Structures are given as C-alpha cells and as structure tokens.
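Next come the chains, spelled out residue by residue.
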Amino acid sequence: MEVRARAPGKIILSGEHAVVHGATAVAASINLHTTVSLLFSSDNDNMLQLNLKDMALEFSWPIGRIKDTLPDFDAPSPSTPKCCSIESLRAIASLVNELNIPEAKIALASGVSAFLWLYTAIQGYKPATVTVTSELPLGSGLGSSAAFCVSLSGALLALTASAGLDYSNQGWATYEETGLDLVNKWALEGEKIIHGKPSGIDNTVSTYGNMIKFRSGELSRVKSNLPLRMLITNTRVGRNTKALVAGVSERKLRHPDAMASVFDAVDSISKELSAIIQTPANDDISVTEREEKLEELMEMNQGLLQCMGVSHASIETVLRTTLKYKLSSKLTGAGGGGCVLTLLPTLLSGIVVDKVIAELESCGFQCFIAGIGGNGVEVCFSGAPSS
Ligand SMILES: Nc1ncnc2c1ncn2[C@@H]1O[C@H](COP(=O)(O)OP(=O)(O)OP(=O)(O)O)[C@@H](O)[C@H]1O
Ligand SMILES: C[C@@](O)(CCO)CC(=O)[O-]
Ligand SMILES: [Mg+2]
C-alpha cells in the first residue's frame, strides 16, 4: 500500500524571530504543499531510498548500514517523539556526507538528515521508497522545511496504531486531534535538525492549518473575519533560517535590554493584529478601516525586523516599489531575502495589482497570490494493505 501525506506551507503575518524569544506571532497556512509518498516493498534490495523528485536527486542506503550507524531502533517507538542527540546527529552526518550532494545543493543536507532521523526513529529498519515533491520554493520563508517535516511525519505515522486512520478511506483524510499532536511533535524534532532553534510555529501551522496565534509553544486558533488577500513576492535571494535565527540571538546577547523591548513591541503588534482580524464583520469598524490598521501594523513589524537585522536590500526594493502604489509590505519567515507579503486591500483595483506585479517582476522577482488558511496535514492511501 502507498501512503501519501501532504502538508501546507505558511505565511507569518506578524512576529517571526520575536516568537523564538517568547513573543506572540500570527501565521496562516497557504495552498502550496509538500507531498511525501511512502511505499514499503520487498523488491528494493533491503534499501531505504529517498527520491527528491523536484531536484532530480535520488539517495539510498543499505538498511544494514543504517542499523550499524543508528543501532537503537530495533523496536522504534512512534508514539514517543524523540530528540536527535548530538551523537546520533554526528552518526547521521556520516551517512549524509557519503552521498556527495552537489555543492550547489548542499543546503539539502540538513533536510536529508532530518529525513534519516524521522524515518529511523519512527519506522526503524524497514526497507522503503520515499518520494518527495513540493510546490513550495525551498529556503524562501514559506515554511518549506516545516512542510517537509510535517508531511514526512504524517506519512510515517499514518500506518501506526496511534494514527487511528481508516485505510479504506478514498481521497485525502485528516488525522484525529491526538494524531495531529503526534505528527506536530515529531515534525518539531525534524525542524530542530534543520533550524537549530525553531519556535515551533511553522510546523504547528502546517500541521493544524488555518490561522493561528502562537506563543511559547502554545497555539490558539484565529478565526479570520477579514477577506485577507496577500501578494507574495519571492525576491529569489536564497538564505538559511538557521543562520538568521542564530544572528538574532547573537544581537540579543550584545543588546539584551534593547532587544527585549523590540520583542515586546512585536508581541503587542501580533496581539493587536489578531484582534483586528477576528473582529466580527458586523462590527462598526469597516473592512477598509481594519485593512488600514493591518497595513500600519505590518509596516511597524517590518521596522522592528530591520532592528533585528534580518531585512535585505532585495526586501527593501520590494518595500519601496509597493509603497509607490501606497501598498504596505513586510518580509515573511526568516527574512534575509526570501519572500515579502503585501496586503492587497479589498477595494484595490485589478489594474493597480497588475501594475505593481509587473514592476516587481521587472526587478527579477516572482509574484503570486496564494490562498490563505486551508487545511493542515492530510493523508491518502492507495493500493492493498501490505501484510
Ligand atoms: N522538499 C524538500 N526536500 C528536501 N529538503 C527540504 C525540502 N523542503 C525543505 N527542505 C529542507 O529545508 C531547508 C530550507 O529550510 P529553511 O528553514 O532554511 O527555509 P524555509 O523553511 O523555506 O523558510 P522559513 O523557515 O523562513 O519559513 C532546505 O535547504 C532543505 O534542507
Ligand atoms: C524566523 C522564525 O521565527 C520563523 C521562520 O518561518 C523561526 C521560528 O520561529 O522557528
Ligand atoms: Mg524553515
């Protein structure tokens, strides 16, 4: 039987980086997914194979080699998420180094390490073929690492007893709440390998979907009463979340008081932003007034992200360009390049939207409008159950 799991990417409406230091953040899923297919079979020479379809890369390891390197998983325990120790990470690095990943794609090494950990810790030494495809740009602020870890955990846990899923179900199905909690916890362990010090917001919104307010590991669901439309501009400037998160922590060490005030200000912005989004539609405040408040909060959040040192010349170009059309923008995700959000107010004419997109694309950026707030991780079964 083939198991497929898909998990969405995300946008952070406010609070990235500050959320790592305990501030509130608001995030929503987007309708771009990473999909993982898991196929256990007896005719693959006792190998574990990982196919990264979009990158045309295939990696494989003899099961015996994995067992020698990570010897503790004869009886894996899927219902107990386990942190990858420094020793295990070192052992995994030796397996990844042997792959000779092309230098231009070396950033994938952390994703492959997360794969080896999640696979072995959840499934042990079963031979299988795992195939990954993604609609998300990698390393661009749209949560590709979280969508990878969530879809992988979703596929690996789908056949375990704790998942409680109905294999005869046709089409995409959602996990029960306890299954989602487990997927989310495992995905966080994967994110730790890729990010170093994740807050958990990206895997949480990818797992549960919709829109969430998140603080210190706790989520509360946000029910949007605004028809939010965001233009996403990918500056195509590559960057790495781990390095950016570490940079902010170093700045915090150098200026603890100033940075604490910055994080506090972000906390207030996120709380106000989520309150505005949730204000009932029949309230006295018009949609336009609420959009204007959101725009101002986005600009304020962007200013504070500049204070944290995570903006970039390409991001500033997007901000300047959209401001010419009186539109407000902020970076989303870890910054340092990657993607920028621009609020498209309800009454904005299509002509202006086309003009701003044309101008941004003439700078070499890529623009798109993604659907916001869809489902989180989903699973789909096909073929006969294996014995
Ligand atoms: N489909 C995938 N296949 C393999 N590895 C992946 C995949 N998607 C993400 N990764 C891993 O995640 C890394 C990118 O994660 P990173 O956190 O830096 O960016 P992001 O998640 O796209 O942005 P952000 O964290 O700001 O939202 C890649 O370099 C790779 O190691
Ligand atoms: C930069 C960051 O705040 C968001 C990345 O999408 C990191 C995190 O919260 O783990
Ligand atoms: Mg990430």
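Bear in mind that the values here come from a model prediction, so they are computed numbers and not experimental data.

Draft legend 1. Highlighting the overall build of the chain. Check the secondary structure of the chain and you find 11 helices and 12 strands. Here the C-alpha radius of gyration of the chain, 21 Å, is about what a compact globule of 387 residues would show, namely 21 Å. Counted over contacts in the chain with a minimum sequence separation of 6, partners at least 24 positions apart contribute 77%. Positive and negative side-chain charges in the chain, numbering 32 and 39 respectively, have mean positions lying 3 Å apart.

Draft legend 2. Region of the structure containing the pattern of salt bridges. Under the definition given, this model contains 10 salt bridges. One salt bridge connects E359 with K324, and the closest N-O pair in it is separated by 2.4 Å. Taken together, the residues E359 in helix α11 (residues 350–362) and K324 in helix α10 (residues 313–324) connect sequence positions 35 residues apart.

Draft legend 3. Examining the packing of aromatic side chains more closely. Using the criterion set out here, one finds 3 aromatic pairs in the structure. Judged by centre distance (6.0 Å) and plane angle (25 degrees), the ring pair of W61 and F115 falls under stacked. In this pair, W61 sits in strand β4 (residues 57–62) while F115 sits in helix α3 (residues 108–123), placing the two residues 54 residues apart along the sequence. F115 shares its class with W61; the two are buried. Plain terms: the ring middles of F115 and Y119 are 5.9 Å apart, the flat faces sit at 40 degrees to each other, and that makes the pair tilted. Remark: Y119 and F115 occur in helix α3; sequence separation between them is 4 residues, near one turn of the helix. Taken individually, F115 and Y119 each receive the classification buried, so the pair is uniform in this respect.

Draft legend 4. Structural view of the coordination of the magnesium ion (ligand 3). Taken together, the protein ligands of the magnesium ion (ligand 3) are S145 (OG) and H195 (NE2), with distances of 2.2 to 2.4 Å. In this pair, S145 is assigned in helix α4 (residues 144–157) and H195 in helix α5 (residues 177–195), connecting sequence segments 50 residues apart. A relative accessible area of 8% means that H195 is categorised as buried.

Draft legend 5. The arrangement of the side chain of E189 in detail. Considering the arrangement of structural elements, one finds E189 in helix α5. In this structure, E189 is in contact with K82, C83, C84 and W117, ignoring residues within four places of it in sequence.

Draft legend 6. Fine view of the site of ligand 1. Residues in contact with ligand 1 amount to 25 residues; listed here are only the nearest, K10, A107, S144, H195 and R239. Contacts to ligand 1 include T241, whose side-chain N or O atom sits 2.9 Å from an oxygen atom. At 3.0 Å, a backbone N or O of A334 approaches an oxygen atom of ligand 1. Elements represented by at least two residues in the shell around ligand 1 include exactly α3, β5 (128–134), α4 and α5. Both domains that meet at the shell around ligand 1, namely domain 1 (2–219 + 373–382) and domain 2 (226–369), each give it at least three residues.

Draft legend 7. Representation of the pairing of strand β1 (residues 2–14) within the structure. Burial analysis of β1 places 10 of its 13 residues in the buried class, the great majority of the element. Bridge analysis of β1 against strand β2 (residues 25–40) gives 11 bridges, and the strand direction is antiparallel. Note that in β2 the partner of K10 across the bridge is S29. Looking at chain direction, β1 and strand β12 (residues 378–382) are connected through 5 bridges and run antiparallel. Its bridge partner being in β12, R4 is matched across the sheet by C380.

Draft legend 8. Fine view of the domain arrangement of the chain. On domain assignment, one finds that the chain holds domain 1 (2–219 + 373–382) and domain 2 (226–369). One C-alpha centre belongs to domain 1, the other to domain 2, and the line joining them spans 27 Å. Counting the surface domain 1 buries against domain 2, the share from its top three residues, L13, H17 and H21, is 26%. Counting across the interface, domain 1 meets domain 2 through 2 salt bridges. Between R215 and D267 there is a salt bridge, and its shortest N-O distance comes to 3.7 Å. The tally of links between domain 1 and domain 2 comes to 11 residue pairs in polar contact (both at pLDDT 80 or more). Among the secondary structure elements, those contributing two or more residues to the side of domain 1 that touches domain 2 are β1, β2, α5 and β6 (211–215).

Draft legend 9. Region of interest: helix α2 (residues 86–97). Look at α2: 16 Å from first C-alpha to last across 12 residues, which is about the 16 Å you get at 1.5 Å a residue. Within α2 the residues assigned to the buried category are S88, A91, I92, L95 and V96. Here the buried residues of α2 occupy an arc of 145 degrees about the axis, which is enough to place them on one side. Exposed side of α2, more than 90 degrees from the buried face: I86, E87, R90 and N97 are the residues found there.

Conventions we followed
- Residues numbered from 1 in each chain as written.
- Chains lettered and ligands numbered in written order.
- Predicted model: local features only at pLDDT ≥ 70, side-chain atom pairs only at ≥ 80, totals over all residues.
- Heavy atoms only, no water.
- Helix = DSSP H or I, 4+ residues; strand = E, 2+ residues; numbered from the N terminus.
- Rg over C-alpha atoms; globule rule 2.2 N^0.38 Å.
- Contact = heavy atoms within 4.5 Å.
- Lys, Arg positive; Asp, Glu negative; His and termini not counted.
- Charge placed at Lys NZ, Arg CZ, Asp CG, Glu CD.
- Salt bridge = Lys/Arg side-chain N within 4 Å of Asp/Glu carboxyl O.
- Phe/Tyr/Trp six-rings, centres within 6.5 Å; stacked < 30°, edge-to-face > 60°.
- Buried < 20%, exposed > 50% of the residue type's maximum accessible area, 1.4 Å probe, protein only.
- Donors = N, O, S within 2.8 Å, 3.2 Å for Na, K, Ca; no water.
- Near = heavy atom within 4 Å.
- Polar contact = N/O pair within 3.5 Å; in protein donor to acceptor, adjacent residues only side chain to side chain.
- Domains from an automatic or database assignment.
- Pairing = 2+ DSSP bridges.
- Buried area = accessible area lost by both parts, 1.4 Å probe.
- Expected span 1.5 Å × (residues − 1).
- Arc of directions from axis to C-beta.

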